[in-house]
Amino acid sequence: MSQEEPNYSKSVFNQENAVNPIGLLFDEEYLRKAVEAEDKVGGNIGAGLDWGSEFGSLMSNLELLGRITTLRIYLNKEVRLLLNNWNLGTATKIAVKTARERILEKFKLPTPEVRKYILATLENDQLYGEEFISNREILRELLGVLLKQEDWETIAAVAADSLKKEIIHQAVNEKISA
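Since the model is a prediction, treat every value here as computed from it, not as a measurement. (Residues numbered from 1 in each chain as written. Predicted model: local features only at pLDDT ≥ 70, side-chain atom pairs only at ≥ 80, totals over all residues. Heavy atoms only, no water.)

Caption draft 1: A look at the overall build of the protein. The number of helices and strands found in the protein is 8 helices and 0 strands. Split into buried and exposed, the 178 residues of the protein put 26% on the buried side. Long-range pairs, those at least 24 residues apart, make up 66% of the contacts in the protein with a sequence separation of at least 6. Accessible surface computed for the protein: about 12,600 Å², of which carbon and sulfur atoms make up 54%. (Helix = DSSP H or I, 4+ residues; strand = E, 2+ residues; numbered from the N terminus. Buried < 20%, exposed > 50% of the residue type's maximum accessible area, 1.4 Å probe, protein only. Contact = heavy atoms within 4.5 Å. Areas by Shrake-Rupley, 256 points an atom, 1.4 Å probe, with all protein chains shown as cover.)

Laid out in structure tokens, this is it:
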């Protein structure tokens, strides 16, 4: 391997830091390693939701946080129902999994267009009058904003590859020339 493997035994992450992650902010060795890691990739390493200037208002509004969770749950359900209706057979499970991963990526690192649409959806009080989102048209519309052509191509490619592997596996098990 050409890449250097990390040495986890010498890692500054320990049980105390797992319980108190804020402690890492005051750990000079951790900060030095974090800066080195960012320098190595030539940029900022981030994780979680990247909501820019709206992150503070999102985090301070518990109702909005609850709504974002509800929205993600119902988007995942809607994409599962959509793909189930397409009769993809054994490729359905991996297609749904891949679509859900893409949706999560869009929530974590939304483009300005996606961020604007998600915020508008979160602020729509009529959607959240009940414990669930029953307006499937809005969910489908949001799926159209979240999942672009390249996302569907990725979903299709992963599903096709999974189906190909399954066919070859079955052919080998049945001792049929593949």
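Caption draft 2: Fine view of the nonpolar core. The biggest cluster of nonpolar side chains holds 28 residues, and the ones touching the most others in it are Leu71, Leu75, Phe107, Ile118, Leu122 and Leu146. Those elements that provide at least two residues to this core are helix H4 (62-85), helix H5 (92-108), helix H6 (112-122), helix H7 (136-146) and helix H8 (149-173). (Core = buried A, V, L, I, M, F, W, Y, C linked by side-chain atoms within 4.5 Å.)

Caption draft 3: Broad picture of unusual backbone geometry. Phi angles above zero are rare outside glycine, and asparagine 87 is one such case at about 50°. Take asparagine 87: its relative accessible area is 69%, and that puts it in the exposed class.

Caption draft 4: The side chain of glutamate 78, seen in detail. Tracing the backbone shows glutamate 78 in helix H4. Taking relative accessible area as the criterion, glutamate 78 reaches 3% and is therefore assigned buried. With residues near it in sequence (within four places) discarded, glutamate 78 still touches Arg136, Leu139, Arg140 and Leu143.

Caption draft 5: Spotlight on the pattern of salt bridges. Counted according to the given criterion, the structure contains 9 salt bridges. Aspartate 125 is paired through a salt bridge with arginine 67; the nearest N and O atoms lie 2.9 Å apart. Placement of aspartate 125 in the loop between H6 and H7 and of arginine 67 in helix H4 is noted, with a sequence separation of 58 residues between them. By relative accessible area, aspartate 125 is classed as exposed at 54%. Take arginine 67: its relative accessible area is 9%, and that puts it in the buried class. Glutamate 113 is the salt-bridge partner of lysine 148, the closest N and O atoms lying 3.9 Å from each other. With lysine 148 in the loop between H7 and H8 and glutamate 113 in helix H6, the pair connects residues that are 35 residues apart, well separated along the chain. By relative accessible area, glutamate 113 is classed as partly exposed at 47%. One continuous salt-bridge network, built from bridges that share partners, spans Arg102, Glu105, Lys106 and Asp151. (Salt bridge = Lys/Arg side-chain N within 4 Å of Asp/Glu carboxyl O.)

Caption draft 6: Geometry of the packing of H4 against H5. Running from amino to carboxyl end, H4 crosses H5 at an angle of 150°, the nearest separation of the two axes being 9 Å. The angle between H4 and H5 falls in the class roughly antiparallel. For the crossing formed where H4 meets H5, the hand is right-handed. Residues Ile68, Leu71, Arg72, Leu75, Asn76, Lys77, Val79, Arg80, Leu83 and Asn84 of H4 lie in contact with H5, whose contacting residues are Thr92, Ala95, Val96, Ala99, Arg100, Ile103, Leu104 and Phe107. For the contact of H4 with H5, the class distribution of residues is 11 nonpolar, 3 polar and 4 charged. (Axes fitted to C-alpha atoms, helices over the stretch in contact; angles between N-to-C directions. Parallel < 35°, antiparallel > 145°, perpendicular 65-115°, else oblique. Left-handed = near helix turned anticlockwise from the far one by under 90°. Nonpolar A, V, L, I, M, F, W, Y, C, P; charged D, E, K, R; others polar.)

Caption draft 7: Examining H6 more closely. Buried within H6 are the following residues: Val114, Arg115, Ile118, Leu119, Thr121 and Leu122. Burial along H6 is one-sided: seen end-on, the buried residues are contained in an arc of 160°. Structural note: H6 exposes Pro112 and Lys116 on the side pointing more than 90 degrees away from its buried face. Residues of H6 that are buried in the fold lie against H4, H5 and H7. (Arc of directions from axis to C-beta.)

Caption draft 8: The arrangement of H4 in detail. The first and last C-alpha atoms of H4 sit 35 Å apart over 24 residues, in line with the 34 Å expected at 1.5 Å per residue. All buried positions along H4 are accounted for by Leu64, Arg67, Ile68, Thr70, Leu71, Tyr74, Leu75, Asn76, Glu78, Val79, Leu82 and Leu83. Of the residues trailing H4, asparagine 87 is marked for its positive phi of about 50°. (Expected span 1.5 Å × (residues − 1).)

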